[in-house]
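# Structure at a glance
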Amino acid sequence: MSRYRPPAPPKSNYLTAEGETRLRQELDFLWRDERPKVTQQVSEAAALGDRSENAEYIYGKKRLREIDRRVRYLRKRLEDATVVRALPSDINKIYFGAWVELEDSSSNVSWYRIVGPDEVGDKPGYVSMDAPLGRALLGKQVDDEVAIVSPGGRTCYYVAAIRYTMPA
């Protein structure tokens, strides 16, 4: 049995202006607030003596590694990111940053926003442009139908509206 796993597909480097702000705030918090606190806690725990059985020291060192890993990741993503601040030339089609109103076959209506992979989970309804739904929606326009095959089966959506500002 082979343990080989193919590498994950590369993530898109696009961010909305709001996504860039959130990532910069997280980086700033980790670097200026969280890391100094944890470093101080590790120093205090190390001063207590035997480090091999010192849970505070061991946990603190682990937490520092996690913070440093996240800081490296955020710096790299922000350095390589393309921040999309302008509207596309054709606002009648779905592009990155668009709010899309979709109606499914049961007449359920939902709003989704096409965002970068680092922004998914920030707010409800955010869909990565790399996700099957995001990829299927890009380039579509109002009245188009979109079919998605997911683990739950095939789902068809009707594009009811496209906006580049948050819907009311």
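For clarity, every value in this text was computed on a predicted model and none was experimentally measured.

### What to know about the pairing of strand E3 (residues 99–104)
Both E3 and strand E4 (residues 109–115) contribute to a ladder of five bridges, which runs antiparallel. Of the residues in E4, the one forming a bridge with Glu-103 is Val-109. Pairing between E3 and strand E7 (residues 153–163): six bridges, direction antiparallel. The residue bridging Glu-103 from the neighbouring strand is Tyr-158, located in E7.

### Thoughts on the UniProt feature "domain: Transcription elongation factor GreA/GreB C-terminal" (unreviewed entry) in the chain
Per the UniProt entry, the sites bearing "domain: Transcription elongation factor GreA/GreB C-terminal" (unreviewed entry) are residues 92–164 in this numbering. What you have in residues 92–164 is 8% helix and 45% strand, and the ends, taken at the C-alpha atoms, are 10 Å apart.

### Side note on the sheet that holds strand E5 (residues 126–128)
The sheet built from five strands is open, its strands ordered E5-E4-E3-E7-E6 with mixed pairing. Each end of this open sheet is capped by a strand with a single partner; those strands are E5 and strand E6 (145–150). Taken pair by pair, the neighbouring strands of this sheet meet at an average axis angle of 45°, ignoring direction.

### Topic: the nonpolar core
Judged by nonpolar contacts, the single largest core of 18 residues is most densely connected at Ile-94, Leu-102, Leu-133, Leu-137 and Val-159. Those elements giving two or more residues to this core turn out to be E3, E4, helix H3 (132–137), E6 and E7. If we skip the residues at most four places from it in the chain, Leu-102 touches Asn-108, Val-109, Ser-110, Tyr-112, Leu-133, Leu-137, Tyr-157, Tyr-158 and Val-159. With 15 residues, the next largest nonpolar core counts Val-38, Leu-64, Ile-67 and Leu-78 among its residues.

### Observations concerning the UniProt feature "domain: Transcription elongation factor GreA/GreB N-terminal" (unreviewed entry) in the chain
Mapped onto the present numbering, the UniProt feature "domain: Transcription elongation factor GreA/GreB N-terminal" (unreviewed entry) falls at residues 13–83. Counted over residues 13–83, helix gives 79% and strand 7%. Its end C-alpha atoms are 8 Å apart.

### What to know about helix H2 (residues 55–80)
An ideal rise of 1.5 Å per residue puts 38 Å on 26 residues; H2 measures up with 38 Å between its terminal C-alpha atoms. Taken as a whole, H2 has its buried residues at Tyr-57, Gly-60, Leu-64, Ile-67, Val-71, Leu-74, Arg-77 and Leu-78. In this structure, the buried side of H2 is in contact with strand E1 (14–16) and helix H1 (17–46). By the N-cap criterion, in which a side-chain oxygen at the helix start approaches the backbone nitrogen of a residue two or three places on, H2 is capped by Asn-54, the distance to Glu-56 being 3.2 Å.

### Considerations on a positive patch on the surface
On the surface, Arg-51, Lys-61, Arg-65, Arg-69 and Arg-72 cluster together into a positively charged patch. Following the sequence through the fold, Arg-65 ends up in helix H2.

### Topic: the packing of aromatic side chains
Two aromatic rings, taken as a pair, are described by how far apart their centres are and by the angle between their planes. In total, this model carries two aromatic pairs according to the counting rule given. Each ring, one from Tyr-14 and one from Phe-96, has its centre 5.7 Å from the other, and the planes form 40°; the classification is tilted. Of this pair, Tyr-14 sits in strand E1 while Phe-96 is found in the loop between strand E2 (82–84) and E3, placing the two residues 82 residues apart along the sequence. A relative accessible area of 36% places Tyr-14 in the partly exposed class. The interplanar angle of 65° and the centroid separation of 5.9 Å between the aromatic rings of Trp-99 and Tyr-126 together place this pair among those described as edge-to-face. Taken together, the positions of Trp-99 in strand E3 and Tyr-126 in strand E5 put the pair 27 residues apart, joining distant regions of the chain. For Trp-99, a relative accessible area of 8% puts it in the buried group. Here the guanidinium or amino end of Arg-75 rests over the ring plane of Trp-31, the centre of that ring lying 4.6 Å away.

### Section: the environment of Glu-119
Locating Glu-119 in the fold gives a position in the loop between E4 and E5. Glu-119 gets classed as buried once you look at its relative accessible area, which sits at 1%. Spatially, the C-alpha atoms of Glu-119 and Gly-97 are 11 Å apart, while their sequence positions differ by 22 residues. Each residue touching Glu-119, except ones within four places of it in the same chain, is listed here: Tyr-14, Leu-15, Thr-16, Gly-19, Phe-96 and Tyr-126. A distance of 3.4 Å separates the side chain of Glu-119 from the backbone nitrogen of Gly-19, its partner in a polar contact.

Calculation criteria
- Residues numbered from 1 in each chain as written.
- Predicted model: local features only at pLDDT ≥ 70, side-chain atom pairs only at ≥ 80, totals over all residues.
- Heavy atoms only, no water.
- Pairing = 2+ DSSP bridges.
- Helix = DSSP H or I, 4+ residues; strand = E, 2+ residues; numbered from the N terminus.
- UniProt positions renumbered as here; feature names shortened; annotations may be inferred.
- Axes fitted to C-alpha atoms, helices over the stretch in contact; angles between N-to-C directions.
- Core = buried A, V, L, I, M, F, W, Y, C linked by side-chain atoms within 4.5 Å.
- Buried < 20%, exposed > 50% of the residue type's maximum accessible area, 1.4 Å probe, protein only.
- Contact = heavy atoms within 4.5 Å.
- Expected span 1.5 Å × (residues − 1).
- Polar contact = N/O pair within 3.5 Å; in protein donor to acceptor, adjacent residues only side chain to side chain.
- Patch = residues over 30% accessible without salt bridge, like charges linked within 9 Å, V, L, I, M, F, W, Y side chains within 5 Å.
- Areas by Shrake-Rupley, 256 points an atom, 1.4 Å probe, with all protein chains shown as cover.
- Salt bridge = Lys/Arg side-chain N within 4 Å of Asp/Glu carboxyl O.
- Lys, Arg positive; Asp, Glu negative; His and termini not counted.
- Charge placed at Lys NZ, Arg CZ, Asp CG, Glu CD.
- Phe/Tyr/Trp six-rings, centres within 6.5 Å; stacked < 30°, edge-to-face > 60°.
- Lys NZ or Arg CZ within 6 Å of the ring centre and 35° of its normal.

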